[in-house]
Amino acid sequence: MTKASSDAQSGISYLEARLMNRSTRYAIPVGRALLTLIFVFSGIGKIFSWEQTAHFMASKGMPWVPFFLLGAIALETIGGLCILVGYKARFGALTLIVFIIPATIIFHDFWNVEGMERQTQMIMFMKNLAILGGLLLILGYGAGPLSIDDALAGGKNRYRSDV
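Because the structure is predicted, anything quoted here is derived from the model rather than measured.

Caption draft 1: Fine view of unusual backbone geometry. Unlike most non-glycine residues, K88 shows phi in positive territory, near 55°. Here K88 shows up in the loop between α4 (65-85) and α5 (89-107). Positive phi is not limited to glycine here, since L146 has a value of about 55°. Structurally, L146 is set in the loop between α6 (115-141) and α7 (148-152). On the accessibility criterion, L146 (38% relative accessible area) is partly exposed.

Shown next, in the form of structure tokens:
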């Protein structure tokens, strides 16, 4: 059975399959970039606004602020860059998951505020849950095409097709 006849039996035309494979090839790295830029910029931004960030963290009752601030910078920057370039992307996703879960609970505690601040913090909380979903996809599926991980595997990424 040929690829074209196999796709035809599944209800996907050969043209649709080619278009889907081509769009997937570029959509995945663009998605990696969009998912991780917030972390890379935030991590680097914390370096240049150390005092303001430390003050904000302390206002939320965090202990050992310098330790956790340095940890946040490392996790966001390293994890974000790993996913961005697709090198050890699953490790990068795991580091960002370790960062985003407590950060979301501590800094977007909408259940402790009222009025418009409650709505704003709920939106931020939900945004972080959506980002967490993207990170879980990277953790599960890896970096995808056009990544260092894929190149090191000889381009044998399971999501790439020769169609």
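Caption draft 2: Expanded view of the pattern of salt bridges. Summed over the entire model, instances satisfying the criterion amount to 3 salt bridges. Taking the shortest distance from any N to any O, the salt bridge between E76 and K46 comes out at 2.9 Å. One end of the pair, E76, is in helix α4; the other, K46, is in helix α2 (residues 14-48), and 30 residues separate them in sequence. Exposure remark for E76: the relative accessible area of 2% places this residue in the buried category.

Caption draft 3: Looking closely at the environment of L34. Relative to the helices and strands, L34 resides in helix α2. Sequence separation between L34 and L84 is 50 residues, and the spatial gap between their C-alpha atoms is 8.5 Å.

Caption draft 4: Seen up close, the packing of helix α3 (residues 50-59) against α4. In the contact formed by α3 and α4, the axes pass within 10 Å of each other and the chain directions differ by 115°. Seen along the crossing, α3 lies across α4 with a hand that is right-handed. Residues W50, T53, A54, M57 and A58 of α3 lie in contact with α4, whose contacting residues are V65, P66, F68, L69, L70 and I73. Looking at the contact of α3 with α4, its residues break down into 10 nonpolar, 1 polar and no charged.

Caption draft 5: Here's a closer look at the packing of aromatic side chains. Under the counting rule described, the total for this entry stands at 7 aromatic pairs. Each ring, one from F110 and one from W111, has its centre 5.0 Å from the other, and the planes form 75°; the classification is edge-to-face. Residue classification places F110 among the buried positions, given a relative accessible area of 17%. For W111, a relative accessible area of 40% gives the class partly exposed. Pairing F110 with F125 gives two aromatic rings, centres 5.3 Å apart and planes at 75°, and the pair type is edge-to-face. Of the two residues, F110 is situated in the loop between α5 and α6 and F125 in helix α6; the sequence distance between them amounts to 15 residues. Across this residue pair, the class does not change: F110 and F125 are buried. An aromatic cluster is built from W64, F67 and F68, whose rings are joined through pairwise contacts.

Caption draft 6: Structural view of α3. Turning to α3, its buried residues number three or more, namely T53, A54 and M57. Considered in projection along α3, the buried side chains sweep an arc of 100° and stay on one side of the axis. Exposed residues lying more than 90 degrees from the buried face of α3 are E51, Q52, H55 and S59. One or two residues past the end of α3 sits G61, with phi positive at roughly 85°.

The rules behind the values
Residues numbered from 1 in each chain as written. Predicted model: local features only at pLDDT ≥ 70, side-chain atom pairs only at ≥ 80, totals over all residues. Heavy atoms only, no water. Helix = DSSP H or I, 4+ residues; strand = E, 2+ residues; numbered from the N terminus. Buried < 20%, exposed > 50% of the residue type's maximum accessible area, 1.4 Å probe, protein only. Salt bridge = Lys/Arg side-chain N within 4 Å of Asp/Glu carboxyl O. Axes fitted to C-alpha atoms, helices over the stretch in contact; angles between N-to-C directions. Left-handed = near helix turned anticlockwise from the far one by under 90°. Contact = heavy atoms within 4.5 Å. Nonpolar A, V, L, I, M, F, W, Y, C, P; charged D, E, K, R; others polar. Phe/Tyr/Trp six-rings, centres within 6.5 Å; stacked < 30°, edge-to-face > 60°. Arc of directions from axis to C-beta.

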